[in-house]
Amino acid sequence: MTLDLAQTIAPVEIAQKTVPVAGRSGTDVLGRIGNLETRIARSVTEIDAAQAVRYRVFAEEMNARLSSDAVRRKRDIDAWDMVCDHLLVLDTSIEGDAEEQIVGTYRLLRQDVAAVSGGFYSQSEFDVDTLIARHPEKRFMELGRSCVLPAYRTKRTVELLWQGNWAYALKHGIDVMFGCASFHGVVPEEHALALSFLHHNVQAKDEWDVLARPELFRTMDLMPPEGIDARKALSAMPPLIKGYLRLGATVGTGAVVDHGFNTTDVLIVLPIGKISGRYLNYYGADAGRFAS
């Protein structure tokens, strides 16, 4: 059974239009909603602050098991941090420096950078290299380490993160965005309804399919399609995954359990050309609209 996701998933209610920043010479701000703004980290100290936000979410809230050095420093850190760009959401109403205003972050890794820096992070779980080899004419970008502090987990923060991703992708000529998205916990069966919905309704097909690495593969086909209540399945999904689906994303075949981060991961695949027309019109097809 194939569902029309445009009808099944209620569109994001856009109460406040995301406002691209214009008229400021040399600005690197990608967008603003009220007191929130998004841009790429400008310094090592801002990256350090983003790592601190990640630590609060992944280690303190989600019980990820990080290295002893990460725990000592209270930072979520790895080797990719120094080669990725770090998209930030800042609450400018918070007094203090930018480092104290960071309330959300995304980590962005372009294919040209990955090619000379050890590859993509998600290749450790999914056969991303095969996907990329099928599309030599396209430019890929990996999205990862997405997190937002609890008080800011609102629709407008998600809108702002996506505005930043979109502007960055257009600025750098990206054709395909992809990355791991997670369910909390290491027992896939606890997410049988949501995983089965993804498997039966939004699994990537043919040239876009990506397999979990065979030694890590966990089936997502945990319920028959006739036993799936779509609305209940969607309500059981993390907001980030629902956001990807609204945009028109598909998922790879098989899930992977990440014991270190206490998650069950799926791979999201989102070719720019397949983004839902509603959102393409909203975010804008002109790179100059958002990117400075």
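Along each chain, residues carry numbers from 1 onward, in the same order as the chain's sequence is written. In keeping with the model being predicted, local features are shown solely for residues with a pLDDT of at least 70 and side-chain atom pairs are shown and tallied solely at 80 or more, while totals for entire chains, interfaces and linings include all residues. Here the side-chain values reflect all heavy atoms present in the structure, with hydrogen atoms and water set aside.

If you check an unreviewed UniProt entry, the protein chain appears there as L-ornithine N(alpha)-acyltransferase from Shinella curvata. Quoted straight from UniProt, the Sequence similarities (unreviewed entry) entry for the protein chain says "Belongs to the acetyltransferase family. OlsB subfamily." UniProt positions are given in the numbering used here, feature names are shortened, and annotations may be inferred rather than shown by experiment. UniProt lists a comment for the protein chain under the heading Function (unreviewed entry), and it reads "Catalyzes the first step in the biosynthesis of ornithine lipids, which are phosphorus-free membrane lipids. Catalyzes the 3-hydroxyacyl-acyl carrier protein-dependent acylation of ornithine to form lyso-ornithine lipid (LOL)."

Q: Looking at this structure, how should I read the packing of aromatic side chains?
A: Aromatic ring pairs are reported here in terms of the distance separating the ring centres and the angle at which the planes meet. Classification of ring pairs uses Phe, Tyr and Trp, with its six-membered ring standing for Trp, and accepts pairs whose centres are within 6.5 Å; under 30 degrees between planes counts as stacked, over 60 as edge-to-face, and the remaining range as tilted. Under the defined criterion, the tally for this structure stands at five aromatic pairs. Plain terms: the ring middles of F120 and F178 are 5.0 Å apart, the flat faces sit at 80 degrees to each other, and that makes the pair edge-to-face. You can see F120 sitting in the loop between α4 (111–114) and α5 (128–133) and its partner F178 sitting in strand β6 (residues 176–184), a full 58 residues away along the chain. Of the two residues, F120 and F178, both sit in the buried class. Taken together, F120, F140 and F178 form an aromatic cluster joined through their ring pairs. Geometrically, a lysine NZ or arginine CZ counts as sitting over a ring once it is within 6 Å of the ring centre and also within 35 degrees of the ring normal. When the ring centre of Y121 is taken as reference, the NZ or CZ atom of R107 above it lies at 5.6 Å. Helix numbering and strand numbering both begin at the N terminus, where a helix is a DSSP run of H or I of at least 4 residues and a strand a DSSP run of E of at least 2. A 1.4 Å probe rolled over the protein chains alone gives each residue an accessible area, and that area as a share of the maximum for its type sets the label: buried under 20%, exposed over 50%, partly exposed in between.

Q: What am I meant to see in the pairing of strand β2 (residues 36–40) here?
A: Looking along a regular strand, one sees side chains alternate from face to face of the sheet. Most of β2 sits inside the fold, with five of its five residues counted as buried. Of the two faces of β2, the one holding L36, T38 and I40 and the one holding E37 and R39 are both buried throughout. The rule for pairing is simple: two strands pair if DSSP sees at least two bridges between them. Both strand β1 (residues 29–33) and β2 contribute to a ladder of four bridges, which runs antiparallel. Counted as the bridge partner of I33 is L36 from β2. Between the end of β1 and the start of β2, which pair antiparallel, lie two residues, with G34 showing a positive phi angle near 60 degrees.

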